[in-house]
Number of protein chains: 4
Amino acid sequence: MHGIRLSRPERKAVRRQQLLDAAREVFSSKGYTATRIEDITQASGLAKGTFYLYFEEKCDAFAALADDLLTAVENALEDSRALHAKPEPNPAKACKILEDEIAAVLAIYHENRAIATILLHEARLQEAALESRLTAYYARVVRHFSAGLETMRKAGVARSLDAKVAAQCIVGTMERAVQTCLPRRAGSSEIRRLAREIAQLECRGVFR
Amino acid sequence: MHGIRLSRPERKAVRRQQLLDAAREVFSSKGYTATRIEDITQASGLAKGTFYLYFEEKCDAFAALADDLLTAVENALEDSRALHAKPEPNPAKACKILEDEIAAVLAIYHENRAIATILLHEARLQEAALESRLTAYYARVVRHFSAGLETMRKAGVARSLDAKVAAQCIVGTMERAVQTCLPRRAGSSEIRRLAREIAQLECRGVFR
Amino acid sequence: MHGIRLSRPERKAVRRQQLLDAAREVFSSKGYTATRIEDITQASGLAKGTFYLYFEEKCDAFAALADDLLTAVENALEDSRALHAKPEPNPAKACKILEDEIAAVLAIYHENRAIATILLHEARLQEAALESRLTAYYARVVRHFSAGLETMRKAGVARSLDAKVAAQCIVGTMERAVQTCLPRRAGSSEIRRLAREIAQLECRGVFR
Amino acid sequence: MHGIRLSRPERKAVRRQQLLDAAREVFSSKGYTATRIEDITQASGLAKGTFYLYFEEKCDAFAALADDLLTAVENALEDSRALHAKPEPNPAKACKILEDEIAAVLAIYHENRAIATILLHEARLQEAALESRLTAYYARVVRHFSAGLETMRKAGVARSLDAKVAAQCIVGTMERAVQTCLPRRAGSSEIRRLAREIAQLECRGVFR
DNA sequence: TATGAATGAGCTTTCATTCAT
DNA sequence: GATGAATGAAAGCTCATTCAT
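Just so you know, these numbers come straight off a predicted model, no measurement behind them.

## Considerations on the overall build of chain A
Phase 1 of the analysis: What chain A contains, in helices and strands, is 9 helices and 0 strands.
Phase 2 of the analysis: Ordering the α and β elements of chain A from the N terminus gives α-α-α-α-α-α-α-α-α.
Phase 3 of the analysis: Each of the three principal axes of chain A carries a C-alpha extent, and together these read 60 × 35 × 30 Å.
Phase 4 of the analysis: Across chain A, the fraction of contacts at a sequence separation of at least 24, relative to all contacts at a separation of at least 6, is 71%.
Phase 5 of the analysis: Taken together, the 32 basic and 27 acidic charged side chains of chain A have centroids lying 2 Å from each other.

## Considerations on the interface of chain B and chain A
A common way to report how large an interface is uses the accessible area buried once the components associate.
Phase 1 of the analysis: At the junction of the two partners, chain B supplies 44 residues and chain A supplies 44 residues.
Phase 2 of the analysis: For the pairing of chain B and chain A, the buried interface totals around 4,200 Å² over both sides, and the portion due to carbon and sulfur atoms is 60%.
Phase 3 of the analysis: Here chain B and chain A share 2 salt bridges between them.
Phase 4 of the analysis: Of the charged contacts, one joins Asp162(A) and Arg193(B) as a salt bridge, the two residues approaching to 3.7 Å between their closest N and O atoms.
Phase 5 of the analysis: Where chain B packs against chain A, one counts 31 residue pairs in polar contact (both at pLDDT 80 or more).
Phase 6 of the analysis: Of all the secondary structure elements, the ones that give two or more residues to the side of chain B that touches chain A are α5 (91-111), α6 (113-123), α7 (128-154), α8 (163-180) and α9 (188-204) of chain B.
Phase 7 of the analysis: In terms of residue count, α8(B) provides more of the side of chain B that touches chain A than any other element does, 10 residues in total.
Phase 8 of the analysis: Its residues assigned to classes, the side of chain B that touches chain A shows 22 nonpolar, 11 polar and 11 charged.

## Focus: the domain arrangement of chain A
Residues and elements named next belong to chain A.
Phase 1 of the analysis: Once the domains are mapped, chain A shows domain 1 (1-55) and domain 2 (58-204).
Phase 2 of the analysis: Across the contact, 13 residues belong to domain 1 and 15 residues belong to domain 2.
Phase 3 of the analysis: For the pairing of domain 1 and domain 2, the buried interface totals around 1,400 Å² over both sides, and the portion due to carbon and sulfur atoms is 65%.
Phase 4 of the analysis: Of all residues in domain 1, Arg24, Phe27 and Tyr32 bury the most surface against domain 2, accounting for 51% of the area lost on that side.
Phase 5 of the analysis: Remark: the boundary between domain 1 and domain 2 carries 0 salt bridges.
Phase 6 of the analysis: If you look at where domain 1 meets domain 2, you find 8 residue pairs in polar contact (both at pLDDT 80 or more).
Phase 7 of the analysis: Of the residues forming the side of domain 1 that touches domain 2, the biggest block, 6 residues, is contributed by helix α1 (residues 8-30).
Phase 8 of the analysis: A breakdown of the residues in the side of domain 1 that touches domain 2 according to their chemical character gives 7 nonpolar, 4 polar and 2 charged.

## Section: the relation of the copies chain B and chain A
Phase 1 of the analysis: Superposition of chain B onto chain A requires a rotation of 178 degrees combined with a translation of 0.0 Å along the rotation axis, giving an RMSD of 0.4 Å. Given the turn and translation reported, the copies of this chain are related as if by a two-fold rotation axis.
Phase 2 of the analysis: Residue by residue, 100% of the interface of chain B is reproduced at the interface of chain A, so both copies engage with the same surface.

## As for the packing of helix α8 (residues 163-180) of chain A against helix α9 (residues 188-204) of chain A
Residues and elements named next belong to chain A.
Phase 1 of the analysis: Between α8 and α9, the least distance of the axes is 11 Å, while the angle of their chain directions is 150 degrees. With respect to α9, the axis of α8 lies roughly antiparallel. As for how α8 packs across α9, the hand of that crossing is right-handed. Residues Cys169, Ile170, Thr173 and Ala177 of α8 pack against Leu194, Ile198 and Glu202 of α9.

## So, the protein's contact with DNA strand F
Phase 1 of the analysis: With respect to spatial proximity, 33 residues lie near DNA strand F, and among them Arg15(B), Thr50(B), Tyr54(B), Arg15(D) and Tyr54(D) are the closest.
Phase 2 of the analysis: At 2.5 Å from a phosphate oxygen of DNA strand F is found a side-chain nitrogen or oxygen belonging to Thr50(B).
Phase 3 of the analysis: For DNA strand F, a phosphate oxygen lies 3.3 Å from a polar atom in the backbone of Ile37(C).
Phase 4 of the analysis: Listed by contribution, the elements that provide at least two residues to the surface near DNA strand F are α1 (8-30) and α3 (48-54) of chain B, α3 (48-54) of chain C together with α1 (8-30) and α3 (51-54) of chain D.
Phase 5 of the analysis: Ranked by residue count, the leading element in the surface near DNA strand F is α3(B), at 5 residues.

## Observations regarding the protein's contact with DNA strand E
Phase 1 of the analysis: Around DNA strand E, the surrounding shell holds 34 residues, and the nearest of these are Arg15(A), Tyr54(A), Arg15(C), Thr50(C) and Tyr54(C).
Phase 2 of the analysis: The protein-proximal atoms of DNA strand E, defined as those within 4 Å of the protein, are 68% sugar or phosphate.
Phase 3 of the analysis: Note that a base nitrogen of DNA strand E is positioned 3.3 Å from one of the backbone N or O atoms of Gly49(C).
Phase 4 of the analysis: Mapped onto the surface near DNA strand E, the elements with two or more residues apiece are α1 and α3 (51-54) of chain A, α3 of chain B together with α1 (8-30) and α3 of chain C.
Phase 5 of the analysis: With 5 residues, the single largest contributor to the surface near DNA strand E is α3(C).
Phase 6 of the analysis: When the residues that make up the surface near DNA strand E are grouped by side-chain class, the tally is 12 nonpolar, 6 polar and 16 charged.

## Observations regarding the packing of α1(A) against helix α4 (residues 58-83) of chain A
Packed helices, taken two at a time, are described by the angle between their axes plus the distance between the axes.
All names here are of chain A.
Phase 1 of the analysis: At a closest axis distance of 10 Å, the pairing of α1 and α4 adopts a crossing angle of 90 degrees. With respect to their mutual orientation, α1 and α4 come out roughly perpendicular. Contacts between α1 and α4 pair Arg16, Leu20, Ala23, Arg24 and Phe27 from the former with Lys58, Ala61, Phe62, Ala64 and Leu65 from the latter.
Phase 2 of the analysis: Among the residues making up the contact of α1 with α4, the classes are represented as 7 nonpolar, no polar and 3 charged.

## Some details on the packing of aromatic side chains
Phase 1 of the analysis: Using the criterion set out here, one finds 24 aromatic pairs over all chains in the structure.
Phase 2 of the analysis: Taking the centre distance of 5.7 Å and the plane angle of 20 degrees together, the rings of Phe27(A) and Tyr32(A) count as stacked. Per residue, the accessibility class of Phe27(A) equals that of Tyr32(A), and both read buried.
Phase 3 of the analysis: Relative to Phe62(A), the ring of Tyr32(A) has its centre 5.3 Å away and its plane inclined at 70 degrees; by these criteria the two rings are edge-to-face. Of the two residues, Tyr32(A) sits in the loop between α1 and α2 (37-44) while Phe62(A) sits in helix α4, which places them 30 residues apart along the sequence. Both residues of the pair, Tyr32(A) and Phe62(A), count as buried.
Phase 4 of the analysis: Members of the aromatic cluster, joined through ring pairs, are Phe27(A), Tyr32(A) and Phe62(A).
Phase 5 of the analysis: Here the basic side chain of Arg176(B) rests over the ring of Tyr138(A), its NZ or CZ set 3.6 Å away from the ring centre.
Phase 6 of the analysis: A cation over a ring is seen here: Lys12(C) above Tyr54(C), with NZ or CZ 5.4 Å from the ring centre.

So, how was this worked out
Residues numbered from 1 in each chain as written. Chains lettered and ligands numbered in written order. Predicted model: local features only at pLDDT ≥ 70, side-chain atom pairs only at ≥ 80, totals over all residues. Heavy atoms only, no water. Helix = DSSP H or I, 4+ residues; strand = E, 2+ residues; numbered from the N terminus. Contact = heavy atoms within 4.5 Å. Lys, Arg positive; Asp, Glu negative; His and termini not counted. Charge placed at Lys NZ, Arg CZ, Asp CG, Glu CD. Buried area = accessible area lost by both parts, 1.4 Å probe. Salt bridge = Lys/Arg side-chain N within 4 Å of Asp/Glu carboxyl O. Polar contact = N/O pair within 3.5 Å; in protein donor to acceptor, adjacent residues only side chain to side chain. Nonpolar A, V, L, I, M, F, W, Y, C, P; charged D, E, K, R; others polar. Domains from an automatic or database assignment. Least-squares fit on C-alpha atoms with pLDDT ≥ 70 in both. Axes fitted to C-alpha atoms, helices over the stretch in contact; angles between N-to-C directions. Parallel < 35°, antiparallel > 145°, perpendicular 65-115°, else oblique. Left-handed = near helix turned anticlockwise from the far one by under 90°. Near = heavy atom within 4 Å. Phe/Tyr/Trp six-rings, centres within 6.5 Å; stacked < 30°, edge-to-face > 60°. Buried < 20%, exposed > 50% of the residue type's maximum accessible area, 1.4 Å probe, protein only. Lys NZ or Arg CZ within 6 Å of the ring centre and 35° of its normal.

In structure tokens, the structure reads:
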């Protein structure tokens, strides 16, 4: 009748997820500041006080959503690194590796589009916790890409340049592109196309 | 003893500026949301009500600061376009033009660093007026850069690519770079160096 | 020890009433405009925010009090109409019917003296909702009395006159009389005496 | 060029009147509470501070307007009393005297319709000064009418009744009638008709 | 665990009144 | 006298958070 009986901690996790799902919904449509705790609990069919059984404060719920997003990107890059540990002397192949990474990041951002926008453009400066999580995130991401560039340089593919600056540029490029060059309902082919465009740009520039 | 005697409208303008200066200060240190009207008036040594003699609401004061910034960039790009209307077939020179434009934009962003950060990352999603001003701004800026790329392509300098995407990438790159690759007290030489790095990246990519 | 245990909705109703009681008290002593929400909650021993759990705004609380009063009068007249549907050809009896109605109205106004005064003389022009409730109220009351006069005319008791004007005069007379001719602590006998006086006046005038 | 040169006090009086005219206009359209000092000065083409050269506070301006109205009624009744000092044994003529008085009062109320409404229904309970002026006014008016009834009784025209109650009823009747039975643009003939209706009612009642 | 009533700090905005020019 | 900038008390309303049930 009641489906599978869940253990205490399992039930806790389910409830928490129920709240997070509602929170994603509401944050996405109203933004961070305008979302009231009650909006979230109402959307979950729970009572206001229940929120505080699962989160210490409003920011925590958003932080959890943001963390999912950031962790997903971190993991995707981590996986890629594991796969491409060895230097790739072929430029076309190196560019393809970058393209794949960019595509992975774009896909994750795109999937969490609204949350990403709010995190990057509204909430971060309002909540110190978010900003510091972001700082850590960016440090990793930048480290990943600058290490990649360094490897490419050693493999004779890339020229000598300020890898940290280039990495930040890739980050800025991806974040802006996903928000301005991807239609809201873009599918994987559009994401792939955009990733290729960006990878080409980063590798070869606009010159012919 | 009393300095120069000012006319009524002049004094009004001075007061307004006094409030804007205070507002820039406070917004910069506390962020948009956390800044209360009273923080601004206190910082100006005025009374709370006085704010409302010069602005309709909090957003207006921030919008004025933001508008200065955005307009400055718009004008700088406008000026550049006027100067470089003719196609430039020499790649090095074309890259130098881009570098100059990027340097100009970086300099303005850098000068208004805190306001830029808040505008782009906190305030915009909270105030429709800011978002729509930004939309107009981005439209112009993207139009500028994509037109430039188009010109470069016709001059045989640039390859054929999605100019709008490339322009958005330049924008994202600049915005991220100014916030992460420029020390808070950077001078014009550092700005120039960063602009050159970015211009090279956009023109030639990371490949050797 | 804890009195009767109440259900949730019952407790809600009790709280609401508690606030209304306090509101009646405060409105009565300070008037509508001068009463602050906090005056009401303080008088109830509750916190400011609690008010807003039971009313949307200040006006709502007053409107509830006013509505009680107006509805009571409407009901009293309704009851009377039901009772005296048939024309009464005997003048003395017809006058007695009017006297009873007037007495009923006076009693209700008197019981809600302060609220009535504030409603009729202060609050109505400040809150559109009150004014429109009053408009509906007066329409009913005037309809009641003019219908009564019409019946009296058909029964040959009343002369031919502008029934709407006469009804309005009865209304004005009652409202003024209750406020100026009834001592604050008047009992039912004084109300009865005043009602008789008014009924006589309306029926026979001042002429001998 | 500048018309007649006015003396100091004359100019003062003119300015004051200029403000009062504007105040009447604004109070009439926005009500007492909603009218801001600045509304009045703007309507007079003067500056905000100027108001305080002619009035101590907001209430004073309204009080002056109210006083004009009340004094006009007081004077009209005074004049009538002077004219009809002697008892009038003819009922028809006595009724005509009452009708004339009522017509005079209605005319003055009607001419100051908006101010009267605001005075009687909004402002009085908010400003002690108004309420006490009104108290004095009502005392006089009631004294006038009850004295008149007394005289009628002595002349054998009126029956024995509580003259004070009857006088209050006349007052209540007039105030309600002018607001509900006179079209906003009524002329003297409509006023006369209403006065006759009321006088008949007060003298002979509704009975045939 | 879940609830939702209660709290009260906090912030915006208004506007009567003052006063330096 | 006339002006209008400046003042700051005041009040409404919101909502994150707590806690008794």
